[in-house]
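Understanding the architecture of this molecule
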Amino acid sequence: DAGVIQSPRHEVTEMGQEVTLRCKPISGHDYLFWYRQTMMRGLELLIYFNNNVPIDDSGMPEDRFSAKMPNASFSTLKIQPSEPRDSAVYFCASSSDKRTSGGGTYEQYFGPGTRLTVT
Amino acid sequence: AQSVSQHNHHVILSEAASLELGCNYSYGGTVNLFWYVQYPGQHLQLLLKYFSGDPLVKGIKGFEAEFIKSKFSFNLRKPSVQWSDTAEYFCAVNKDFKTIFGAGTRLFVKA
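First, a word on scope: everything that follows refers to the structure included in this document. (Residues numbered from 1 in each chain as written. Chains lettered and ligands numbered in written order. Predicted model: local features only at pLDDT ≥ 70, side-chain atom pairs only at ≥ 80, totals over all residues. Heavy atoms only, no water.)

**Here we look at the overall build of chain A**
- Helix and strand content of chain A: zero helices and eleven strands.
- Tracing chain A from N to C terminus, the helices and strands come up as β-β-β-β-β-β-β-β-β-β-β.
- Computed over the C-alpha atoms, the radius of gyration of chain A is 14 Å, within 12% of the 14 Å expected from 2.2 N^0.38 for a compact globule of 119 residues.
- Expressed along its principal axes, the backbone C-alpha trace of chain A runs to roughly 45 × 25 × 25 Å.
- Within chain A, the fraction of its 119 residues that count as buried is 51%.
- For chain A, the separation between the mean place of its 12 positive charges and that of its 14 negative charges on side chains is 3 Å. (Helix = DSSP H or I, 4+ residues; strand = E, 2+ residues; numbered from the N terminus. Rg over C-alpha atoms; globule rule 2.2 N^0.38 Å. Buried < 20%, exposed > 50% of the residue type's maximum accessible area, 1.4 Å probe, protein only. Lys, Arg positive; Asp, Glu negative; His and termini not counted. Charge placed at Lys NZ, Arg CZ, Asp CG, Glu CD.)

This is the structure:
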């Protein structure tokens, strides 16, 4: 498996523009997480899905942020309108509820991240 | 509030020094525990994990962690660090399907 795939890897946009970040989880994983990482606030969980259903979106900063997971292999995080304070690295991660031969569950596999700069 | 606390935000060591990074959590009951590492410019990767059994867990690259239930701790250790261990280290706790990450500890190893 190619691992978690995110696109774009880098995004530079102007304040007020719409930004859409994309994520393809590892095939067979039933949990998907969106995180934001900044120097000031560290790693923050924004929202997570289980079987394509949003379970907890309490970390979403405000109404400008929205996330969808239309199917098991694709999720988007949208910011509209974007603001300079949204500049961060956004990570997507996926995990499985199924026990593996190595034992244990809920290990998260992270994508390479999208570095967003809003000017 | 339930949380994951990492005691040190920044650690600077010389090569061959021993490392111990503290992690405490406030969740009761059964938890799953993890340490992740983020090398400069890269994404988080799993270093080691604990679910049950032997509380001393060995991970990749010579790292180990000890789960002490009575202290709600899961400290990360390495007997002799290398320059290539320079990275940020995150402790994480999974409880009821949700994983909470600590604030991270930045480790810088001087060559």
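**Brief notes about the interface of chain B and chain A**
- Residue-level contacts link 18 residues of chain B with 20 residues of chain A.
- Of the roughly 1600 Å² buried between chain B and chain A, counting both surfaces, carbon and sulfur atoms make up 56%.
- Inspection of the region where chain B meets chain A yields one salt bridge.
- Glu107(A) is paired through a salt bridge with Lys49(B); the nearest N and O atoms lie 2.9 Å apart.
- The set of elements that each furnish at least two residues to the side of chain B that touches chain A consists of β5 (32-38), β6 (45-50), β10 (87-95) and β11 (98-101) of chain B.
- Element by element, the count of residues in the side of chain B that touches chain A is highest for β5(B), at four residues.
- Here the side of chain B that touches chain A is composed, by residue class, of eight nonpolar, six polar and four charged. (Contact = heavy atoms within 4.5 Å. Buried area = accessible area lost by both parts, 1.4 Å probe. Salt bridge = Lys/Arg side-chain N within 4 Å of Asp/Glu carboxyl O. Nonpolar A, V, L, I, M, F, W, Y, C, P; charged D, E, K, R; others polar.)

**A few points about the sheet that holds strand β3 (residues 19-24) of chain A**
Residue and element names in this part refer to chain A.
- Taking strand neighbours across the sheet as the criterion, the four strands line up as β1-β3-β8-β7 in an open arrangement whose pairing is antiparallel. Each end of this open sheet is capped by a strand with a single partner; those strands are β1 (5-7) and β7 (65-71). Taking each pair of neighbouring strands and ignoring which way they run, the sheet shows an average axis angle of 15 degrees. (Pairing = 2+ DSSP bridges. Axes fitted to C-alpha atoms, helices over the stretch in contact; angles between N-to-C directions.)

**Regarding the state of the cysteines**
Residue and element names in this part refer to chain A.
- Counted under the stated rule, the structure contains two disulfides over all chains.
- Residue cysteine 23 pairs covalently with cysteine 92 via a disulfide, S to S 1.9 Å. On the S-S bond that ties cysteine 23 to cysteine 92, the torsion sits near -65 degrees, and the link is left-handed. Here cysteine 23, found in strand β3, pairs with cysteine 92, found in strand β9 (residues 88-95); they are 69 residues apart in sequence, far enough to count as distant. Cysteine 92 matches cysteine 23 in its accessibility class, with the two residues each being buried. (Disulfide = S-S within 2.5 Å.)

**Concerning the nonpolar core**
- Formed by 29 residues in total, the largest nonpolar core has its most connected members in Tyr25(B), Leu33(B), Trp35(B), Leu48(B), Phe74(B), Leu76(B) and Tyr89(B).
- The contacts of Phe74(B), once residues within four sequence positions are left out, are Cys23(B), Leu33(B), Phe34(B), Trp35(B), Leu48(B), Tyr50(B), Ala65(B), Glu66(B) and Phe67(B).
- In terms of nonpolar packing, the next biggest core, distinct from the first, is built from 21 residues, Met60(A), Ile79(A), Ala88(A) and Val118(A) among them. (Core = buried A, V, L, I, M, F, W, Y, C linked by side-chain atoms within 4.5 Å.)

**A word on the packing of aromatic side chains**
- Considering all chains together, one arrives at 15 aromatic pairs over all chains under this definition.
- Here Tyr31(A) and Phe33(A) contribute two aromatic rings whose centre-to-centre distance is 6.3 Å and whose plane-to-plane angle is 15 degrees, an arrangement assigned as stacked. For the pair Tyr31(A) and Phe33(A), one class covers both residues: buried.
- With a centroid separation of 6.0 Å and 35 degrees between ring planes, the pair formed by Phe34(B) and Tyr36(B) is classed as tilted. Just as Phe34(B) is buried, Tyr36(B) falls in that class too.
- Taken together, the ring pairs connect Tyr31(A), Phe33(A), Tyr35(A), Tyr48(A), Phe91(A), Phe110(A), Phe34(B), Tyr36(B), Phe51(B) and Phe101(B) into an aromatic cluster. (Phe/Tyr/Trp six-rings, centres within 6.5 Å; stacked < 30°, edge-to-face > 60°.)

**Details of the pattern of salt bridges**
- Scanning the model with the defined rule gives 14 salt bridges over all chains in all.
- Across the salt bridge formed by Lys58(B) and Glu64(B), the nearest N and O atoms sit 2.8 Å from each other.
- Three or more residues are tied together by salt bridges with common partners; here these are Glu62(A), Arg64(A), Glu83(A), Arg85(A) and Asp86(A).

**Details of the environment of Thr114(A)**
Residue and element names in this part refer to chain A.
- Tracing the backbone through its elements, the reader meets threonine 114 in strand β11 (residues 114-118).
- Sequence-wise, threonine 114 and threonine 13 are 101 residues apart; in three dimensions their C-alpha atoms are separated by 13 Å.
- Contact partners of threonine 114, with chain neighbours within four places excluded, come to Gln6, Ser7, Pro8, Arg9, Leu21, Ala88, Val89 and Tyr90.

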